Amino acid sequence: MFPFLFRHLYIFYSAILILYVGNTFLASSLVDYVIGVLAIPMLLLSFKGASRLFRTLGCIFLSIGMLFYFYSGLPILDLPLYLTSTMQLLAFLAVLPWMNSVVHAGRFDRRMNEVMKANVSNLGKLYVRSSFTTYMLCTFVNLSSIPLTQEVLLENLAKAKKKLRDTFISRTTLRGFSLALAWSPMEIIVALTVDATGVSYMTYLPWLIICSVTVLLADWLWGHKKYQSISYEPGTTGTARSLQPRRLVGRILTLFLALSVFLVVVVTIGNVFELNFILSVTLVILPFSFIWSILLKRWHSFITIGWHTWKVRTNNMQNFVVLFLSLAFFSSALNETPFLHYIQQPFFAASEYPLLILILIQLSYLMLSMIGVHPIATIGILVEVLQPLYDIMNPLSIGMVLITGALPTAAVGVYGVTVTMTSMTTKQSPYRVTWANLPFALVYGGMGVLIGYLLL
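Residues numbered from 1 in each chain as written. Predicted model: local features only at pLDDT ≥ 70, side-chain atom pairs only at ≥ 80, totals over all residues. Heavy atoms only, no water.

Trainee: Honestly, the side chain of R165 in this entry has me stumped. Any pointers?
Mentor: Turning to its location among the elements, R165 is positioned in helix α9 (residues 162–180). For the buried R165, no salt bridge is present, and the opposite-charge side chain at shortest range is D166, 4.2 Å distant. For R165, the residues in contact, after removing those within four places along its chain, are L154, L157, A158 and A160. (Helix = DSSP H or I, 4+ residues; strand = E, 2+ residues; numbered from the N terminus. Buried < 20%, exposed > 50% of the residue type's maximum accessible area, 1.4 Å probe, protein only. Lys, Arg positive; Asp, Glu negative; His and termini not counted. Salt bridge = Lys/Arg side-chain N within 4 Å of Asp/Glu carboxyl O. Contact = heavy atoms within 4.5 Å.)

Below you can see the structure in the form of structure tokens.
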């Protein structure tokens, strides 16, 4: 029975998440309790398939949460209600594969990767090309952009020395990836921050784009200068496909147009139904992807790719289920105790030095990522601790640093998914990947702190 159940977890997960989203409009306390009860077997089943890191984090959050729960003298029958606050994040992650699938079905990923295969004379140009490709793809396909660009680079740099090839790949792909996430409406850190601070996404957007593009251009300038003296020798034989600028520009404009329409629909839905940003994005992704695939005349490919991708991704959500449900219990129980007030005291003590608070937020992400703490777990704690400061400091400033502090960890988090994926692809130590990108992470975070400080 259990092997069958684990192969069909996507059905169990989806049933609970659909019930949760539906209850957002029904607002039934009974249904809310039922969802909490179902969250318990959902959590227990997910522990088996979760990685050791996430099981450890889950156990820590659950254990400390239990201490807080019983310390507060809360009734045991109310426990399920303390597991549902992050359910919307799981619903958000469950629909993301459909947006990825329409990009694959429309072959945008293939067209973008052609950029790296033509008219390149040195590694300086290849650095900019590969970073740009990752940056563009990440906006829509998120994590999938990493293997897509890394596989192309591995093939194209087959004749380069291993040390050079490994460092080049880890820098171009992870830096472009983490910078693109800064303003993506489909990045969970961005969505969490928007809802936690109460500042609209459209208010954040121009400042996040300024931060992202400024650091991106600086990195391109550095990369071009560092690698331009090294000639590029294609790793594969044969004639490279010639770059077609008009076709490429058309694809880029199509992506930006689609993203613009997507944002307008998300904001409109959120305002009309008075929904938070995460739920608005969750509700829009699926119908938007279906309509887009029809307009692209790639409906059949979209359904085939989307259904397979969705089943596989949803069936392997155990890490996030364990993290989010245990984090929900921890943060909800913490709010019932006086301990949260004690944790907040150092931040209140530094309230006269807002720059210090912004730097502390940035360093918290960086240091915790080095020991394997996921940035979503870090932000889950920080948003509870920092909430009273919104009356003292501009929440937009705090939100900027919450975002730009978390996202550089995609390039330096030793035990993070992206760094681990890169180390496996290039067959190098994750510590080498982290070391190669540490200066970039400090610059990226520093730019976020600077913009946050100027917005105070």
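Trainee: When you look at helix α4 (residues 52–71) in this model, what are you seeing that I'm missing?
Mentor: An α-helical turn contains 3.6 residues, so a residue and the one three or four places further along point in the same direction. An ideal rise of 1.5 Å per residue puts 28 Å on 20 residues; α4 measures up with 28 Å between its terminal C-alpha atoms. Within α4, burial applies to F54, L57, G58, F61, L62, G65, F68 and Y69. All buried residues of α4 lie within an arc of 125° about the axis, which places them on one face of the element. More than 90 degrees from the buried face of α4, the exposed residues found are R52, L67 and Y71. The inward-facing, buried residues of α4 abut α3 (29–49), α15 (318–334), α16 (339–349) and α18 (375–386). Residue G73 follows α4 closely and has a positive phi angle near 70°. (Expected span 1.5 Å × (residues − 1). Arc of directions from axis to C-beta.)

Trainee: When you look at helix α11 (residues 201–227) in this model, what are you seeing that I'm missing?
Mentor: Taking 1.5 Å as the rise per residue, α11 with 27 residues should run 39 Å; its terminal C-alpha atoms sit 37 Å apart, in good agreement. Within α11, the axis deviates most sharply at W207, by approximately 25°. (Bend = angle between axes of the 7 residues up to and from the residue.)

Trainee: Hey, could you run me through the packing of α9 against helix α21 (residues 417–426) in this one?
Mentor: Each pair of packed helices can be described by the angle between their axes along with the distance between the axes. Their axes nearest at 10 Å, the elements α9 and α21 cross at an angle of 155°. With respect to α21, the axis of α9 lies roughly antiparallel. Seen along the crossing, α9 lies across α21 with a hand that is right-handed. In this structure, α9 uses K162, D166, I169, S170, L174 and F177 to contact α21, whose residues at the interface are T418, V419, T422 and T426. Its residues assigned to classes, the contact of α9 with α21 shows 4 nonpolar, 4 polar and 2 charged. (Axes fitted to C-alpha atoms, helices over the stretch in contact; angles between N-to-C directions. Parallel < 35°, antiparallel > 145°, perpendicular 65-115°, else oblique. Left-handed = near helix turned anticlockwise from the far one by under 90°. Nonpolar A, V, L, I, M, F, W, Y, C, P; charged D, E, K, R; others polar.)

Trainee: When you look at a nonpolar patch on the surface in this model, what are you seeing that I'm missing?
Mentor: A cluster of nonpolar residues, L355, I359, L363, M367, L450, Y453, L454 and L456, forms a patch on the protein surface that exposes about 740 Å² of accessible area. Of all the elements, helix α17 (residues 354–370) adds the most residues to the nonpolar patch, at 4 residues. Along the chain, L454 falls in helix α22 (residues 430–454). (Patch = residues over 30% accessible without salt bridge, like charges linked within 9 Å, V, L, I, M, F, W, Y side chains within 5 Å. Areas by Shrake-Rupley, 256 points an atom, 1.4 Å probe, with all protein chains shown as cover.)

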